[in-house]
Amino acid sequence: MSYFFLIPLVFFGFIILLSSFFIVKQQTAAVIERFGRFHSIRNSGLQMKIPLVDRIAAKLGLKIQQLDVIVETKTLDDVFVKLKVSVQYVVIKQKVYEAFYKLEYPHDQITSYVFDVVRAEVPKMKLDDVFVKKDDIAIAVKSELQDAMLDYGYDIIKTLVTDIDPDAQVKEAMNRINASEREKIAAQFEGDAARILIVEKAKAEAESKRLQGQGIADQRREIARGLEESVEVLNKVGINSQEASALIVVTQHYDTLQSIGEETNTNLILLPNSPQAGSDMLNNMVASFTASNMIGESMKKQDPTKKNK
């Protein structure tokens with residue numbers, strides 16, 4: 001009879017013994033209260049408490065946590081904008097007591113400070129400056145939170161402004177302005193390119209004309225030199241300069257006709273081009289040279305000074 005009475009007692013005692021041991025995970029702190037009053041802080045590992053006397057009031061994580069706060073405010077140029085501020089914080093290991101007993105809702109406290117700082121800083125800036133100086137806003141938020149949350153056992157690791165979202169109409173207007181500015185720059189570049197192309201083309205044409213003129217001058221110089229040599233050769237065989245010049249012109253005339261005959265698709269027309277054109281040309285040239293000589297002799301007889309010269 002007494003044996004059956006002891007079984008519940010042994011079982012109950014075993015349960016109480018097991019409940020006196022508990023495990024605290026890594027990067028976690030357990031707050032122990034005794035009869036409702038703070039007793040101790042237990043860190044990671046196997047821990048022991050007095051059953052029915054001590055209790056685990058809370059377990060606080062010591063890892064870095066992140067709280068994202070979205071704040072809507074107005075800029076200096078009257079543009080409403082939403083900012084997403086990410087706050088990274090951690091419970092200070094040596095201040096677990098303050099973190100648990102002094103502050104009941106840490107997220108609400110941090111959110112309030114973020115709202116206060118952002119709505120104090122952003123209205124001082126224009127919308128463009130908000131994008132440029134977002135790091136300054138984050139530093140201001142961290143500085144304010146750091147001073148306030150240290151007393152509550154929290155350390156602010158970093159604050160980041162991760163998103164800036166203006167009103168949809170404002171974003172559309174900004175995109176239009178940006179697109180217009182880029183089109184303006186593109187038009188300027190295209191105009192500069194066209195102007196450079198025109199200048200370079202004009203330079204190339206000028207250089208081409210210069211080289212073409214130089215080539216024509218060289219060609220004429222060589223033709224003149226060739227004619228001079230031909231006249232000298234004909235003079236050596238007893239043909240005077242007038243007859244030699246006429247002969248050369250007639251020869252060039254027939255060479256030209258031969259060249260035209262060899263080309264089937266030529267557009268060159270030589271006038272006159274009749275069979276007796278060569279002899280007529282020769283007779284006319286000889287007559288012209290003879291008349292020129294007669295006029296020259298007559299002028300010398302009338303002006304003795306020219307004769308002496």
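Heads up: the structure comes first, above all this text.
Residues numbered from 1 in each chain as written. Predicted model: local features only at pLDDT ≥ 70, side-chain atom pairs only at ≥ 80, totals over all residues. Heavy atoms only, no water.

A. Expanded view of the sheet that holds strand β2 (residues 28–34). Read across the open sheet, the three strands follow the order β3-β2-β5; overall the sheet is antiparallel. Unpaired on one side and paired on the other, β3 (37–42) and β5 (54–61) mark the two borders of the sheet. Strand-to-strand, the axes of this sheet are offset by a mean angle of 25°, without reference to chain direction. (Pairing = 2+ DSSP bridges. Helix = DSSP H or I, 4+ residues; strand = E, 2+ residues; numbered from the N terminus. Axes fitted to C-alpha atoms, helices over the stretch in contact; angles between N-to-C directions.)

B. Fine view of the packing of aromatic side chains. Taken as a whole, this structure holds five aromatic pairs when the rule is applied. Look at F38 and Y97: their rings are 4.9 Å apart centre to centre, the planes differ by 70°, and that puts the pair in the edge-to-face class. Note that F38 is positioned in strand β3 and Y97 in helix α2 (residues 96–101), a separation of 59 residues in sequence. What makes Y97 partly exposed here is its relative accessible area of 38%. Centre to centre, the rings of F38 and Y101 are 5.7 Å apart; their planes meet at 80°, and the pair counts as edge-to-face. Of the two residues, F38 is situated in strand β3 and Y101 in helix α2; the sequence distance between them amounts to 63 residues. (Phe/Tyr/Trp six-rings, centres within 6.5 Å; stacked < 30°, edge-to-face > 60°. Buried < 20%, exposed > 50% of the residue type's maximum accessible area, 1.4 Å probe, protein only.)

C. Looking closely at the side chain of S86. With respect to the secondary-structure elements, S86 resides in strand β7 (residues 80–91). Within the structure, the side chain of S86 is placed 2.7 Å from the side chain of D68, a separation counted as a polar contact. Sequence-distant contacts of S86, that is, excluding residues within four places in its chain, are made with Q66, L67, D68, K158, T159, L160 and T162. (Polar contact = N/O pair within 3.5 Å; in protein donor to acceptor, adjacent residues only side chain to side chain. Contact = heavy atoms within 4.5 Å.)

D. Focus on the pairing of β3. In the sheet, β2 pairs with β3 via five bridges, with the strands oriented antiparallel. Bridge pairing in β3 places R34 opposite R37. Where β2 folds back on β3, the antiparallel hairpin that results is connected by two residues, among which F35 adopts a positive phi of roughly 55°.

E. Highlighting the packing of helix α3 (residues 106–121) against helix α5 (residues 134–149). Relative to each other, α3 and α5 sit at 140°, their axes nearing to 9 Å. By the criterion of interaxial angle, the relationship of α3 to α5 is oblique. The way α3 lies across α5 gives a crossing that is right-handed. In this structure, α3 contributes Q109, I110, Y113, V114, V117, V118 and E121 to the contact, and α5 contributes I137, A140, V141, E144, L145, A148 and M149. Classifying every residue of the contact of α3 with α5 by side-chain character gives eleven nonpolar, one polar and two charged. (Parallel < 35°, antiparallel > 145°, perpendicular 65-115°, else oblique. Left-handed = near helix turned anticlockwise from the far one by under 90°. Nonpolar A, V, L, I, M, F, W, Y, C, P; charged D, E, K, R; others polar.)

F. Summary view of the environment of G36. Tracing the chain through its elements places G36 in the loop between β2 and β3. Assessed through its relative accessible area of 59%, G36 is described here as exposed. In this structure, the C-alpha to C-alpha distance between G36 and A57, residues 21 residues apart in sequence, is 8.6 Å.

G. View of α3. Here α3 is 16 residues long and its end C-alpha atoms lie 23 Å apart, about the 22 Å a rise of 1.5 Å per residue gives. Along α3, the residues classified as buried are P106, I110, V114, V117 and V118. Each buried residue of α3 sits inside an arc of 95° when the element is viewed along its axis, so together they form one side. Looking at the buried residues of α3, the elements they touch are β6 (65–74), β7, α5 and β8 (154–166). (Expected span 1.5 Å × (residues − 1). Arc of directions from axis to C-beta.)

H. Summary view of the pattern of salt bridges. Applying the stated rule across the entire model yields seven salt bridges. Of the charged contacts in the structure, one is a salt bridge between D135 and K134, with a shortest N-O distance of 3.6 Å. (Salt bridge = Lys/Arg side-chain N within 4 Å of Asp/Glu carboxyl O.)

I. Here's a closer look at the nonpolar core. Within the largest apolar cluster, 35 residues are counted, with the highest numbers of intra-cluster contacts made by L83, I110, V114, V118, I137, V141 and L145. Ignoring anything within four residues of it in the chain, the contact list for V114 reads V69, V71, V85, V87, V141 and L145. (Core = buried A, V, L, I, M, F, W, Y, C linked by side-chain atoms within 4.5 Å.)

J. Just a negative patch on the surface, in detail. Together, D116, E144, D147 and D151 make up a region of like negative charge exposed at the surface. Tracing the backbone through its elements, the reader meets E144 in helix α5. On the basis of relative accessibility, which here comes to 34%, the residue E144 falls in the partly exposed class. (Patch = residues over 30% accessible without salt bridge, like charges linked within 9 Å, V, L, I, M, F, W, Y side chains within 5 Å. Areas by Shrake-Rupley, 256 points an atom, 1.4 Å probe, with all protein chains shown as cover. Lys, Arg positive; Asp, Glu negative; His and termini not counted. Charge placed at Lys NZ, Arg CZ, Asp CG, Glu CD.)

K. Spatial organisation of unusual backbone geometry. For Q27, which is not a glycine, the phi torsion comes out positive at approximately 60°. Checked against the element boundaries, Q27 lands in the loop between β1 (21–24) and β2. Phi at D78 takes a positive value of approximately 60°, unusual for a residue other than glycine. Residue position: D78 is located in the loop between β6 and β7.

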